[in-house]
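# Results of the structural survey
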Amino acid sequence: MPSPLPSTSNYIGRFAPTPSGYLHFGSLIAALASYLDARAVGGRWLLRMEDLDPPREMPGAQDAIVQALEAYGFEWDGSMQRQSKRHAVYEEMIERLLREGLAYPCLCSRKQLEAYPGPYPGFCRDAGQPLENAAIRLRVPNLEYRFTDRVQGKFGQHLGREVGDFVIRRRDGLFAYQLAVVLDDAWQGVTDVVRGADLLDSTPRQLYLQELLGLPQPRYLHVPLIIQPDGHKLGKSYRSPPLQPEQATPLLLRALRALGQPTAPELNDALPGEVLAWAVPRWDADLIPRTLTLAEAQLV
Ligand code: GLU
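Heads up: these notes are all about the structure in this document.

Rules and cut-offs
Residues numbered from 1 in each chain as written. Predicted model: local features only at pLDDT ≥ 70, side-chain atom pairs only at ≥ 80, totals over all residues. Heavy atoms only, no water. Near = heavy atom within 4 Å. Polar contact = N/O pair within 3.5 Å; in protein donor to acceptor, adjacent residues only side chain to side chain. Areas by Shrake-Rupley, 256 points an atom, 1.4 Å probe, with all protein chains shown as cover. Nonpolar A, V, L, I, M, F, W, Y, C, P; charged D, E, K, R; others polar. Pairing = 2+ DSSP bridges. Helix = DSSP H or I, 4+ residues; strand = E, 2+ residues; numbered from the N terminus. Axes fitted to C-alpha atoms, helices over the stretch in contact; angles between N-to-C directions. Parallel < 35°, antiparallel > 145°, perpendicular 65-115°, else oblique. Left-handed = near helix turned anticlockwise from the far one by under 90°. Contact = heavy atoms within 4.5 Å. Salt bridge = Lys/Arg side-chain N within 4 Å of Asp/Glu carboxyl O. Buried < 20%, exposed > 50% of the residue type's maximum accessible area, 1.4 Å probe, protein only.

### Here we look at the site of the ligand
As a structural note, the neighbourhood of the ligand is formed by Arg 14, Ala 16, Pro 17, Thr 18, Glu 50, Tyr 177, Val 181, Arg 195 and Leu 199. Between the ligand and Glu 50 there is a distance of 2.6 Å, counted from a nitrogen atom to a side-chain nitrogen or oxygen. The protein chains hide 80% of the 300 Å² of surface that the ligand would expose on its own. For the shell around the ligand, the per-class residue count stands at 5 nonpolar, 1 polar and 3 charged.

Written out as structure tokens, the structure is:
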């Protein structure tokens, strides 16, 4: 059973896009769900740009994302934060984890590891590798980390057997999403993470990091992925088009329906902000389906 909606305005939610591309319909579903879940209880809703990976950033994507959110009527609290401004915090944590022996330098190349699909085989775990040109991996315990997602239900992963020691700073010095997201959610006081189900299997790693660093664990709601008629997840090869400003009202209505929420005919002519204002008091996370077919998402 999904847990009940939080009933206080201590709620802090966030939308945390990566500027590797424009927002598309799947991002809209995640943004809308996190926004409505926060506003329905009078909570705050933050915007965080996860710009950790400049080589993979698409020029102009940050501005385009902000403009799309504005055109779709979203209003966030405070100013947008950028992960690119937080490097000192991530670095300090890496150094602490290394000092405490909880993380270690790894010199294995991608090529070497190709022969070992599955969890990292731990070659550098106790090898005392030098720091120079090394990736930094976090030692994971031989334990299962579980949680109950508000939509997807119980989910767990055995970190030792299924995940393995994972990278928290890459060889090229870039910080990994898993570390940054946990530090930033805690720093911003996020109580509720609402995001796409593609991140469900990142969550046990994040739970471990939260436990290790003594950070509070937010509640999680993973919105459904879109499933193809043959039962496969919508692959990366499927490119849904960037959100267009003039499509805001119809796409917001489509996203509401995809999330199992009510809509009304008079909204067809409403402004995007009016659609959101209408949807806030009617939000019911219990109506969100666990999966969505292409047809249900009305993409075909
Ligand atoms: N930046 C991630 C993405 O765009 C989302 C991170 C999160 O919501 O935890 O996929």
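### Some points on the sheet that holds strand β8 (residues 166-169)
Strand order across the open sheet formed by 3 strands is β4-β5-β8, with antiparallel pairing between neighbours. Each edge of the open sheet carries a strand with a single partner, namely β4 (103-106) and β8. Across this sheet, the average inter-strand angle for adjacent strands is 45°, counted without regard to direction. Examined bridge by bridge, β4 and strand β5 (residues 135-138) share 4 bridges and lie antiparallel to one another. Paired with Cys 106 across the bridge in β5 is Ala 135.

### Brief notes about the packing of helix α8 (residues 248-258) against helix α9 (residues 272-279)
For any two helices packed against each other, one specifies the inter-axial angle together with the distance between the axes. Across the interface, α8 lies against α9 with an axial gap of 9 Å and an inter-helix angle of 25°. As summarised for this structure, α8 and α9 are arranged roughly parallel, according to the angle between their axes. In terms of crossing hand, the pair formed by α8 and α9 is right-handed. Residue-level contacts link Ala 248, Thr 249, Leu 252, Leu 253 and Leu 256 of α8 to Pro 272, Val 275, Leu 276 and Ala 279 of α9.

### Remarks on the pattern of salt bridges
Pairing is possible between side chains of opposite charge, provided their charged atoms come close. The full count for this structure, using the stated rule, is 15 salt bridges. With a shortest N-O distance of 2.9 Å, Glu 91 and Arg 169 are connected by a salt bridge. Taken as a pair, Glu 91 in helix α3 (residues 87-99) and Arg 169 in strand β8 lie far apart in primary sequence, 78 residues in all. Residue Glu 91 is classed as partly exposed on the basis of its relative accessible area of 22%. Note that Arg 146 and Glu 144 form a salt bridge whose closest N and O atoms lie 3.5 Å from each other. Here the residues in one salt-bridge network are Arg 14, Arg 48, Glu 50 and Asp 185, joined through shared partners.

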